[in-house]
Amino acid sequence: MDLLVHLENAGVSLGGKPILRHVDFDLQPGQVAGVTGPNGSGKTTLIRMLTTLLRVSEGAGSILGADVNSDQVFAVRPSIGMIGHNPALIDELTLRENLVHVVRLAGLAEERVDPVLEVVGLDEASDRRADASSFGMRRRIEVAHLLLTRPRLLLLDEATSGLDNSARELIDALMDRTIGDGGGVVMVSHDHQRLDESCDEVMALSSGRLERAR
Amino acid sequence: MSFWNQTLEIARVDLRVERRLGDTLRIVLPFAVVALMVFPLSLGIELATISRIGPAVFWALGILFGMQVALRQSAADTQERRDLHALLGVDPAARFVGRVLSGGVLMLAFLVVLFIAMVLIYGPTLPSGYWPTVLLGTVLFSIGLTELGTLAGEITAGLRNRTALASLIVAPLALPLVIGASQSLEALSRGTGILPWVLLMLATDLALAVIGVGMARPLEEATR
């Protein structure tokens, strides 16, 4: 079976300073990998490297079959979904308009927006402007976006921080859907209990190096 | 999604955001009109001088306040939004063209209203048939200045003092546009041909379009 992610001795430097070093990492279809580590250890950099938005400075490997050192990565980016620290919404648009914007750019049918807004529990609040919406609501729009675009590789960077139980359940449902579609999930969190419950393996990142924790 | 659909979606959303914020027409434009009024007040009742300097003041204020219009998008651009577009597979060139399209429309509206205000306040003696020349010059100036602003925004993405740095890039590079636009009206007054000045602006616009489209992907990758 082809690996979703295969990295060998990969590293990332920013401004000449190494942030990640000698990262060996494999992710198989259907697998959930957890990553933990202290603040500043490079967790977000690892997630950004896995999105291919941050290119590897050293090492080799592939993400969704695309060589990480080549321009092949541009073609696989639409199959990668990320929930980062801050929801990427346009403040001046309503929640619904933000989702419509994403759907149009992804080339999907606009009719799919309203049903998914109902799924994430925002059907009644969808006309609220993003800058007048709570963090949880903004997060739900990101989940709705990923439910529609169905990424093969789902990257969660402390995605459940600050969310209530129902929003956490939505993210769990998104993970289940991704796994069910034959994709994989990489989850960064400080919540060890959640990592233990959700992940097939947990890795620890320390001073830019990734090691198996369990 | 095709290149042009992405382009139009980027432009559509940007214009919707502008309609709600009103940065250009409700904030920058009134300030520019107030600045237009300062010059006649300082010159007193020398109506002949006021009438003569009107078009020059218009282009000077056009570049100064136009830079704010041109840079408004990059001021609101966040890393998260850039990442979102990249992960949705948006072609960086489509992003550039879409932003130039919406920015160009706003710039054109801004300059047309500013020109009308200049005519009303300064009462310049304009040569016959000046409207087509003014409109052509304003369109070419709007496109070029927006391209420059968008390009400067991409170059300075992720940097501190981004807006100030982008202004430093835009101001000197906009000189061919200012010269072309102001001299085309001057040439019409003198009865000489406007073609060289139109060609200067057209060449600048085309060069910036080629650079903007060609450099969109490398710039996006380099500024993360």
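Residues numbered from 1 in each chain as written. Chains lettered and ligands numbered in written order. Predicted model: local features only at pLDDT ≥ 70, side-chain atom pairs only at ≥ 80, totals over all residues.

When you go through chain B residue by residue, the secondary structure sums to nine helices and zero strands. In sequence order, chain B lays out its α and β elements as α-α-α-α-α-α-α-α-α. At 18 Å, chain B has a C-alpha radius of gyration in line with the 17 Å of a compact globule built from 224 residues. Counting the 224 residues in chain B, one finds 44% classified as buried. Nonlocal contacts in chain B, meaning residues at least 24 apart in sequence, comprise 85% of its contacts between residues at least 6 apart. (Helix = DSSP H or I, 4+ residues; strand = E, 2+ residues; numbered from the N terminus. Rg over C-alpha atoms; globule rule 2.2 N^0.38 Å. Buried ≥ 20, exposed ≤ 12 C-beta atoms within 10 Å, placed from the backbone. Contact = placed C-beta atoms within 7 Å.)

This next bit is on the confidence of the model for chain B. Averaged over every residue, the pLDDT of chain B is 90; residues scoring 70 or more account for 100%. Prediction confidence for the complex, expressed as pTM and ipTM, is 0.91 and 0.90 respectively. (pLDDT = per-residue confidence, 0-100.)

Next up on the list: the nonpolar core. Within the largest apolar cluster, 77 residues are counted, with the highest numbers of intra-cluster contacts made by L155(A), L156(A) and V186(A). In terms of residues, this core owes the most to one element, helix α5 (residues 135–149) of chain A, which gives six residues. Within the second largest apolar cluster, 41 residues are counted, among which are L36(B), F110(B), I143(B) and A152(B). (Core = buried A, V, L, I, M, F, W, Y, C linked by C-beta atoms within 7 Å.)

Sheets are built from strands that pair by backbone hydrogen bonding, the pairs being arranged parallel or antiparallel. Residues and elements named next belong to chain A. Pairing in this open sheet of six strands is mixed, and the strands run β6-β7-β8-β3-β9-β10 from one edge to the other. This sheet does not close on itself; its edge strands, each paired only once, are β6 (80–83) and β10 (209–212). Strand-to-strand twist in this sheet, taken as the mean axis angle between neighbours without regard to direction, amounts to 20 degrees. Pairing of β6 with strand β7 (residues 153–157) involves four bridges; the strand directions are parallel. (Pairing = 2+ DSSP bridges. Axes fitted to C-alpha atoms, helices over the stretch in contact; angles between N-to-C directions.)

It is worth spelling out unusual backbone geometry at this point. All names here are of chain A. Here the phi dihedral of N9 falls at roughly 55 degrees; this positive angle occurs in a residue that is not glycine. Along the chain, the position of N9 falls in strand β1 (residues 5–14). Since 13 C-beta atoms lie within 10 Å of it, N9 is described here as partly exposed. Positive phi, close to 45 degrees, is recorded for R150, a residue that is not glycine. Owing to 16 C-beta atoms within 10 Å, R150 belongs among the partly exposed residues under this scheme.

We now examine the packing of helix α6 (residues 130–155) of chain B against helix α8 (residues 175–190) of chain B. All names here are of chain B. Here α6 crosses α8 at 175 degrees, and the two axes come no closer than 9 Å. Classified by the angle their axes make, α6 and α8 are roughly antiparallel. Residues Y130, T133, V134, G137, F141, G144 and L145 of α6 lie in contact with α8, whose contacting residues are L177, A181, S184, L185 and L188. (Parallel < 35°, antiparallel > 145°, perpendicular 65-115°, else oblique.)

The subject of this paragraph is the interface of chain A and chain B. Counting residues at the interface gives 20 residues for chain A, matched by 18 residues for chain B. Elements represented by at least two residues in the side of chain A that touches chain B include exactly β6 and α3 (95–105) of chain A. With four residues, the top contributor of residues to the side of chain A that touches chain B is α3(A). When its residues are assigned to classes, the side of chain A that touches chain B shows 11 nonpolar, six polar and three charged. (Nonpolar A, V, L, I, M, F, W, Y, C, P; charged D, E, K, R; others polar.)

Residues and elements named next belong to chain A. In space, the four strands of this open sheet follow the order β2-β1-β4-β5, with antiparallel pairing throughout. Sheet topology places β2 (17–27) and β5 (66–67) at the edges, where each strand pairs with a single neighbour. Bridge count between β1 and strand β4 (residues 58–63): five bridges; the pairing is antiparallel. Looking at the pairing, V5 lines up with I63 of β4. Most of the contacts of helix α1 (residues 43–51) go to β2, to which it runs at about 60 degrees, and overall it touches β1, β2 and β4.

All names here are of chain B. As a packed pair, helix α5 (residues 92–122) and helix α9 (residues 195–222) sit with axes 8 Å apart at the nearest point and diverge in direction by 120 degrees. Put simply, α5 runs oblique to α9. For the element pair α5 and α9, the recorded crossing hand is right-handed. Here P92, A93, R95, F96 and V97 of α5 come into contact with α9, specifically with G212, V213, A216, R217 and E220. Taken together, the residues that form the contact of α5 with α9 break down as six nonpolar, one polar and three charged. (Left-handed = near helix turned anticlockwise from the far one by under 90°.)

Turning our attention to the pairing of β10(A). Residue and element names in this part refer to chain A. Where strand β9 (residues 201–206) and β10 come together, four bridges link them in antiparallel fashion. Looking at β10, one finds that A204 is bridged to E211. The hairpin formed by β9 and β10 contains two residues between the paired strands, and S207 there has a positive phi angle of roughly 50 degrees.

Along its 26 residues, α6(B) runs 37 Å from first to last C-alpha, staying within 8% of the 38 Å computed at 1.5 Å per residue. By the criterion of burial, α6(B) is predominantly enclosed, with 19 of the 26 residues buried. (Expected span 1.5 Å × (residues − 1).)

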